[in-house]
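# Topology and contacts: notes
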Amino acid sequence: MAQPPPFPTRLPPPFRAFPPPFPGPSVRPAPFAVGPVAPPPFFLPPPPSAGEGGPRFPPGVPYLAAAPPRAAAEEEAVQRQQDELWLSQFLGRRRAAPPPPPPPAAASPSSARAVAVAALARVARVTALCRALRRSEEQGDEPGWARAREEAEAALRELREVVRPLREPGYGEALRRKAERARKRRLRLQRRKLEARAAKEEAAARAAEREAKIDQWRAKCIQEVEEKNREQELKAAADSVLSEVRKKQADTKRMTDVLRGLEKLRKLRKEAAARKGVCPPPSADEAFENQVESLKTLLKTRTELYEAEERALRVMLEGEQEEERKREMEKKQKKEREKLLQQKLEMDSKLFGDPAEFPLAHLLQPFRDYYLQAEHSVAALIQIRHEWDQYLVPADHPEGSCIPPGWVLPSRPTSDTWATAVR
């Protein structure tokens, strides 16, 4: 079986055929040769060793003969000359690679604003240079015109470089999306700020209302305590005055008893002295009687005064007690009215729905306004009362009944069918 040649004439892809290391100038191709690449020449292999048999290349493979020997210095000079020629041609054809363009900036409103500001500055400079070019042309200043032209071209190149990101595909759409996103974010932040401000104002209003209710409750409690303390002080003062008046009355009564006892004692001593034959003069009896009568008159006046004071104090205490009983009765009636009002509200909410849940434009609002019109209009109250008064009958009428104080609720279902209909 024949072996494939170790060095084929052409290399399979993806390899490319490069010039081999040339032993001499006769076989080296010129630099940048035009046309198909010639197959690399092969030289004769070294003679086979004793142990090897047969040729190294199979028959039919072309090969070249070895180049004739040359002088080493001449060959080196020619090789150097060809290398320098090839290198000069290569450097002449090679152009300076342009600098890589800067990566496009990400589309954002801030970067677009910066690009616009820079572009406007360049446009203003180009406009000024154009005016300078016109002036130079009018004045015939060719050096100035050439210098202004170079500056204008440089400014135009800068302007193109500045606005290059704006010309990239998709930049405007990306910028529009980001601007729309920023606008939505700004609106969302504004809405949140407004909501936070509204919530803060609502919380402040609730806090103010709560503080007002607390202040009102505190003032009410303070007023009640002050009234209670005032009543207690008045009662204590009245009690102290009444006790003092009673003490004075007791003193007056004791003095009256002392005078009465003194009269009895003098009468007994006078009788004892008469039995012994000693009689006091009539002037002494008269003086004693006058003195006792004056004391009795004084005690009687004081007793009447103390009794009048006691009656006044009793009337004042009774008036205070009556006022206290009246206040207690008013509190009780107020609680009863509040209870009845709460029951009425519950009944109205059951019949017409909760007013907090149903708006004014609800379907049941006209019926509610119709049935509650007497609470807001005197003319409606008079009309409703007149309609009720048309059915007045004497109290002893067998079919007469009083006006119900509230809503007439239906009776409980008497059958299962009725109960299902009510549900």
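Residues numbered from 1 in each chain as written. Predicted model: local features only at pLDDT ≥ 70, side-chain atom pairs only at ≥ 80, totals over all residues. Heavy atoms only, no water.

As a further point, take the overall build of the protein. Of the regular secondary structure elements, the protein holds eight helices and zero strands. Buried residues in the protein amount to 12% of all 423 residues. In the protein, of all internal contacts separated by at least 6 residues, the share reaching a separation of at least 24 is 63%. Total accessible area on the protein is roughly 35,700 Å²; 59% of this is exposed by carbon and sulfur atoms. (Helix = DSSP H or I, 4+ residues; strand = E, 2+ residues; numbered from the N terminus. Buried < 20%, exposed > 50% of the residue type's maximum accessible area, 1.4 Å probe, protein only. Contact = heavy atoms within 4.5 Å. Areas by Shrake-Rupley, 256 points an atom, 1.4 Å probe, with all protein chains shown as cover.)

Owing to its 3.6 residues per turn, the α-helix brings residues three or four apart onto one side. Taking 1.5 Å of rise per residue, the 105 residues of helix α4 (residues 171-275) would be expected to cover 156 Å, and the 151 Å separating its terminal C-alpha atoms lies within 8% of that figure. Directly after α4, the chain includes Gly277, whose backbone phi takes a positive value near 90°. (Expected span 1.5 Å × (residues − 1).)

Before going further, it helps to spend a moment on the pattern of salt bridges. Side chains that differ in sign of charge can pair as their charged atoms come close. Tallied over the entire structure, the rule returns 19 salt bridges. For Lys213, the salt bridge goes to Glu209, with nearest N and O atoms at 3.7 Å. Placement of the pair is Lys213 and Glu209 together in helix α4, with a separation of four residues, close to one helical turn. Note on Lys213: relative accessible area 52%, which makes it exposed. Taking relative accessible area as the criterion, Glu209 reaches 45% and is therefore assigned partly exposed. A salt bridge links Arg325 to Glu322; the shortest N-O distance between them is 2.4 Å. One end of the pair is Arg325 and the other is Glu322, both in helix α5 (residues 282-352) and three residues apart, which spans about a single turn. The partly exposed category is assigned to Arg325, whose relative accessible area is 48%. Note on Glu322: relative accessible area 41%, which makes it partly exposed. Taken together, the shared-partner salt bridges connect Arg246, Glu310 and Arg314 into one network. (Salt bridge = Lys/Arg side-chain N within 4 Å of Asp/Glu carboxyl O.)

Residues Trp86, Leu87 and Leu91 make up a contiguous nonpolar surface patch of roughly 280 Å² in combined accessible area. Residue classification places Trp86 among the partly exposed residues on the basis of a relative accessible area of 32%. (Patch = residues over 30% accessible without salt bridge, like charges linked within 9 Å, V, L, I, M, F, W, Y side chains within 5 Å.)

Among the surface-exposed residues, Lys220, Lys228, Lys331, Lys334, Lys335 and Arg337 lie close enough to one another that they form a single positively charged patch. Sorting the residues of the positive patch by element identifies α4 and α5 as the ones contributing at least two each. If you trace the backbone, Lys228 turns up in helix α4. The class of Lys228 is exposed, set by a relative accessible area of 52%. (Lys, Arg positive; Asp, Glu negative; His and termini not counted. Charge placed at Lys NZ, Arg CZ, Asp CG, Glu CD.)

Here we take up the packing of helix α2 (residues 109-139) against helix α3 (residues 142-162). How two helices pack is summed up by the angle between their axes together with the distance between the axes. Close contact between α2 and α3 brings their axes to 9 Å; oriented N to C, the two are set at 160°. As the angle between them shows, α2 and α3 are arranged roughly antiparallel. Our pair here, α2 against α3, has a crossing hand that is left-handed. In this structure, α2 uses Val115, Ala118, Ala119, Arg122, Val123, Arg125, Val126, Leu129, Leu133, Ser136 and Glu137 to contact α3, whose residues at the interface are Gly144, Trp145, Ala148, Arg149, Glu151, Ala152, Ala155, Leu156, Glu158, Leu159 and Val162. (Axes fitted to C-alpha atoms, helices over the stretch in contact; angles between N-to-C directions. Parallel < 35°, antiparallel > 145°, perpendicular 65-115°, else oblique. Left-handed = near helix turned anticlockwise from the far one by under 90°.)

Next up on the list: the packing of aromatic side chains. Applying the stated rule across the entire model yields one aromatic pair. Arranged with centres 5.2 Å apart and planes meeting at 75°, the rings of Tyr370 and Tyr371 form a pair that is edge-to-face. Given a relative accessible area of 48%, Tyr371 falls into the partly exposed group. Between Arg266 and the ring centre of Phe288, over which it is positioned, the NZ or CZ distance is 4.6 Å. (Phe/Tyr/Trp six-rings, centres within 6.5 Å; stacked < 30°, edge-to-face > 60°. Lys NZ or Arg CZ within 6 Å of the ring centre and 35° of its normal.)

Attention now goes to the environment of Ser377. As for its position among the elements, Ser377 is in the loop between α6 (365-371) and α7 (378-389). Note on Ser377: relative accessible area 29%, which makes it partly exposed. A distance of 3.4 Å separates a polar side-chain atom of Ser377 from the backbone nitrogen of Ala380. (Polar contact = N/O pair within 3.5 Å; in protein donor to acceptor, adjacent residues only side chain to side chain.)

It is at 9 Å that the axes of α2 and α4 come closest, and there the two elements cross at 125°. On the basis of their axis angle, the class for α2 and α4 is oblique. Seen from α2, the contacting residues are Pro109, Ser111 and Ala112; seen from α4, they are Tyr171, Leu175, Lys178 and Ala179. Here the contact of α2 with α4 is composed, by residue class, of five nonpolar, one polar and one charged. (Nonpolar A, V, L, I, M, F, W, Y, C, P; charged D, E, K, R; others polar.)

Mean pLDDT over the protein stands at 76; residues scoring 70 or higher make up 77%. Throughout residues 1-45 the model reports pLDDT below 50, and contacts reaching past four residues in sequence, or to other chains, amount to 43 contacts. In this model residues 61-67 is a low-confidence stretch, pLDDT under 50, and it forms nine contacts with partners more than four residues away in sequence or in other chains. (pLDDT = per-residue confidence, 0-100.)

With that out of the way, let us pick up the side chain of Ser136. Locating Ser136 in the fold gives a position in helix α2. Classification of Ser136 by relative accessible area gives buried; the value is 11%. If we skip the residues at most four places from it in the chain, Ser136 touches Asp141, Gly144 and Trp145.

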